[in-house]
Amino acid sequence: MKSAVHYRMKELKGDVYTPISIFSSLKGTKKFLLESSLKHSDQGRYSFIGVNPYEEFKGSGGMIEMMKGDTITHSSGSLIKGLQKHLQNQEFPDIPFPFKGGAIGYVGYDVIRQIEK
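Residues numbered from 1 in each chain as written. Predicted model: local features only at pLDDT ≥ 70, side-chain atom pairs only at ≥ 80, totals over all residues. Heavy atoms only, no water.

Visitor: Hey, could you go over the overall build of the protein for me, with residue numbers and the actual values?
Guide: The helix and strand inventory of the protein stands at two helices and seven strands. Listed by position from the N terminus, the elements making up the protein come as β-α-β-β-β-β-β-α-β. Counting over 117 residues, the protein shows a buried share of 13%. Across the protein, every contact between residues at least 6 apart in sequence was considered, and the portion connecting residues at least 24 apart equals 38%. For the protein, the computed accessible surface area is about 9800 Å², with 54% contributed by carbon and sulfur atoms. (Helix = DSSP H or I, 4+ residues; strand = E, 2+ residues; numbered from the N terminus. Buried < 20%, exposed > 50% of the residue type's maximum accessible area, 1.4 Å probe, protein only. Contact = heavy atoms within 4.5 Å. Areas by Shrake-Rupley, 256 points an atom, 1.4 Å probe, with all protein chains shown as cover.)

If you want it as structure tokens, here you go:
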């Protein structure tokens, strides 16, 4: 059974606000800014900004921790494979932007050990 992805979207005029000013004004410690590129006229006209994720995944030493609200679950295995499996069960909205959804985050250098020996 697929789960719906939760998001709120608001379109702002670029001549009044800049992505950096919007990002800077957001409250919270877990924020992201995917900045647009003018080199790509069709897809480069959007910047994506987010704050306060509704789910978080952390992996270390073959253990995966998933946090959703106040609920924390643990499992074992590869974080990358766990994320792939989780994202396959998500239903992404049909929106008119080049980024439809997925996982945004970072991985440490040591994750290469899950891919290469």
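Visitor: Tell me about the pattern of salt bridges, residues and numbers included.
Guide: Evaluated as defined, the whole model comprises two salt bridges. Among the ionic pairs, Lys 30 bridges to Glu 56, the shortest N-O distance being 2.8 Å. Here Glu 56 lies in strand β4 (residues 56–60) and Lys 30 lies in the loop between α1 (19–25) and β2 (31–34), a separation of 26 residues in the sequence. We classify Lys 30 as partly exposed; its relative accessible area is 42%. (Salt bridge = Lys/Arg side-chain N within 4 Å of Asp/Glu carboxyl O.)

Visitor: Account for the side chain of Glu 55, with residues named and values stated.
Guide: Examined against the element boundaries, Glu 55 turns out to sit in the loop between β3 (48–51) and β4. Among the polar contacts made by the side chain of Glu 55, one reaches the side chain of His 86 at a distance of 2.9 Å. In contact with Glu 55, other than residues within four places in its own chain, are Met 66, Met 67, Lys 68 and His 86. (Polar contact = N/O pair within 3.5 Å; in protein donor to acceptor, adjacent residues only side chain to side chain.)

Visitor: Please set out the pairing of strand β5 (residues 63–68) residue by residue, giving values where relevant.
Guide: The pairing of β4 with β5 spans five bridges and is antiparallel. Each bridged residue has a counterpart across the sheet, and for Phe 57 the counterpart in β5 is Met 66. The hairpin formed by β4 and β5 contains two residues between the paired strands, and Gly 61 there has a positive phi angle of roughly 55°. For β5 and strand β6 (residues 71–76), the ladder comprises six bridges, and the chain directions are antiparallel. When the bridges of β6 are listed, Lys 68 appears paired with Thr 71. Between β5 and β6, which follow one another and run antiparallel, lie two residues, and Gly 69 among them has a positive phi close to 65°. (Pairing = 2+ DSSP bridges.)

Visitor: Break down the packing of aromatic side chains for me, with residues and values.
Guide: Summed over all chains, the structure comprises zero aromatic pairs. A cation over a ring is seen here: Lys 31 above Phe 23, with NZ or CZ 4.7 Å from the ring centre. (Phe/Tyr/Trp six-rings, centres within 6.5 Å; stacked < 30°, edge-to-face > 60°. Lys NZ or Arg CZ within 6 Å of the ring centre and 35° of its normal.)

Visitor: Lay out a nonpolar patch on the surface in plain terms, naming residues and giving numbers.
Guide: On the surface, Leu 12, Val 16 and Tyr 17 cluster together to form a nonpolar patch covering roughly 290 Å² of accessible area. Along the chain, Leu 12 turns up in the loop between β1 (3–4) and α1. (Patch = residues over 30% accessible without salt bridge, like charges linked within 9 Å, V, L, I, M, F, W, Y side chains within 5 Å.)

Visitor: Just give me the short version of unusual backbone geometry, but keep the residues and values in it.
Guide: Unlike most non-glycine residues, Asn 52 shows phi in positive territory, near 55°. Within the secondary structure, Asn 52 sits in the loop between β3 and β4.

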